[in-house]
Amino acid sequence: MKTSLPTPSLHTARLRLRAFEDTDADDLFALHSSAYVLRYWDSPPWSERGRAEKFIAGCRRLEEEGSGARLAVERVSDGAFIGWCSLSGWNPDYRSASLGYCYNDAAWGHGYATEAGRALLRWAFDTLDLNRVQAEADTRNAASARVLEKLGFVREGTLREDCVVDGEVSDSWVYGLIRREWQPSPEQVRAP
């Protein structure tokens, strides 16, 4: 059995990445109930607010089981919740994990996903001593593909027809980032 993996608190110039709190449920539900935001997601938008509480409970389970960390992302300037990012499927033997993220559409195009991703990857490579981080993106989601490529991920292949959401079939690209190819940004990620 794995030991717990405390959710880190990370800071960048513009963002704070922190453990989810019960008070995030409304913002989380607003994010995941948006059909526009989730149009390339691997599941349909939420229709019940209770899903937000289950999500937050799932974040705590990730920490307790030591299998990953899912962090709320908020802007430092106004404390606004803009989304989340995560490392899941952490395997200390293989030194690998998967990166995921979801941001509200008002946050798109400002570099927040890349900034938060860099902070989380720095923690993953430095603290967890990962060798590989994997990510997937719907092949129609060019913006997410750009984020991954800016972070240094390399597209490794295509999962054909791997998702069916509300009867719509889609493909996903698989990306990988290897420790020796990781180029941390010059900005410093600091602890609180």
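Shown above is the structure to which this text applies.
Now for a description of the structure that goes with this document. (Residues numbered from 1 in each chain as written. Predicted model: local features only at pLDDT ≥ 70, side-chain atom pairs only at ≥ 80, totals over all residues. Heavy atoms only, no water.)

Here we take up the overall build of the protein. The number of helices and strands found in the protein is 4 helices and 8 strands. When its helices and strands are written in sequence order, the protein yields β-β-α-α-β-β-β-α-β-α-β-β. Relative to the compact-globule value of 16 Å for 192 residues, the protein shows a C-alpha radius of gyration of 16 Å, a close match. In the protein, the proportion of contacts linking residues at least 24 apart, taken out of those at least 6 apart, comes to 63%. Working note: accessible area of the protein is about 9,900 Å², and carbon and sulfur atoms make up 48% of it. Across the protein, 24 positive and 29 negative side-chain charges occur, with their mean positions spaced 4 Å apart. (Helix = DSSP H or I, 4+ residues; strand = E, 2+ residues; numbered from the N terminus. Rg over C-alpha atoms; globule rule 2.2 N^0.38 Å. Contact = heavy atoms within 4.5 Å. Areas by Shrake-Rupley, 256 points an atom, 1.4 Å probe, with all protein chains shown as cover. Lys, Arg positive; Asp, Glu negative; His and termini not counted. Charge placed at Lys NZ, Arg CZ, Asp CG, Glu CD.)

Let us look at unusual backbone geometry. Positive phi, close to 45°, is recorded for glutamate 161, a residue that is not glycine. Within the secondary structure layout, glutamate 161 lies in strand S7 (residues 154-165). Judged by relative accessible area, glutamate 161 falls into the exposed class, the value being 58%. Of note, aspartate 166 is a non-glycine position whose phi angle comes to about 50°, a positive value. Assignment of secondary structure puts aspartate 166 in the loop between S7 and strand S8 (168-178). (Buried < 20%, exposed > 50% of the residue type's maximum accessible area, 1.4 Å probe, protein only.)

Between the C-alpha atom of glutamate 161 and that of aspartate 171, which follows or precedes it by 10 residues, the distance is 4.6 Å. Here glutamate 161 is in contact with Val169, Ser170 and Asp171, once residues within four sequence places are set aside.

In this section: the nonpolar core. Ranked by internal contacts, the top residues of the largest apolar core, which has 39 residues, are Leu17, Leu87, Leu99, Tyr103, Leu130 and Phe153. At the level of elements, strand S2 (15-19), strand S3 (69-75), strand S4 (81-91), strand S5 (96-103), helix H3 (112-126), strand S6 (132-138), helix H4 (142-150) and S8 are the ones that each hand at least two residues to this core. At 9 residues, H3 tops the list of elements feeding residues into this core. Counting 15 residues, the second-largest nonpolar core is a separate cluster that includes Leu38, Ala52, Phe55 and Cys102. (Core = buried A, V, L, I, M, F, W, Y, C linked by side-chain atoms within 4.5 Å.)

Next up on the list: the packing of aromatic side chains. Considering all chains together, one arrives at 8 aromatic pairs under this definition. Ring centres of tyrosine 101 and tyrosine 103 lie 6.3 Å apart, and the angle between their planes is 40°; this geometry places the pair in the tilted category. Among the aromatic side chains, those forming a connected cluster through ring pairs are Phe20, Trp41, Trp46, Phe55, Phe81 and Trp84. The aromatic ring of phenylalanine 55 is capped on one face by arginine 70, whose charged end is 4.3 Å from the ring centroid. A cation over an aromatic ring shows up here: arginine 155 above the ring of tryptophan 173, its NZ or CZ 3.7 Å from the ring centre. (Phe/Tyr/Trp six-rings, centres within 6.5 Å; stacked < 30°, edge-to-face > 60°. Lys NZ or Arg CZ within 6 Å of the ring centre and 35° of its normal.)

With that settled, the discussion passes to H3. For H3, which comprises 15 residues, the first-to-last C-alpha distance of 21 Å matches the rise-based estimate of 21 Å (1.5 Å per residue) to within 8%. For H3, the buried fraction is high: 13 of the 15 residues fall into the buried class. (Expected span 1.5 Å × (residues − 1).)

S5 sits mainly inside the fold: 7 of its 8 residues count as buried. Of the strand pairs in this sheet, S4 and S5 are connected by 7 bridges, and their pairing is antiparallel. When the bridges of S5 are listed, tryptophan 84 appears paired with cysteine 102. The turn joining S4 and S5, which pair antiparallel and follow one another in sequence, is formed by 4 residues; a positive phi near 55° is taken by arginine 95. Across 3 bridges, S5 lies against S6 in parallel orientation. Within the sheet, the bridge partner assigned to alanine 97 lies in S6 and is valine 133. Where the polypeptide runs from S5 across H3 and back to S6, its parallel neighbour, the crossover connection is right-handed. (Pairing = 2+ DSSP bridges. Right-handed = clockwise from strand over helix to strand, strands pointing away.)

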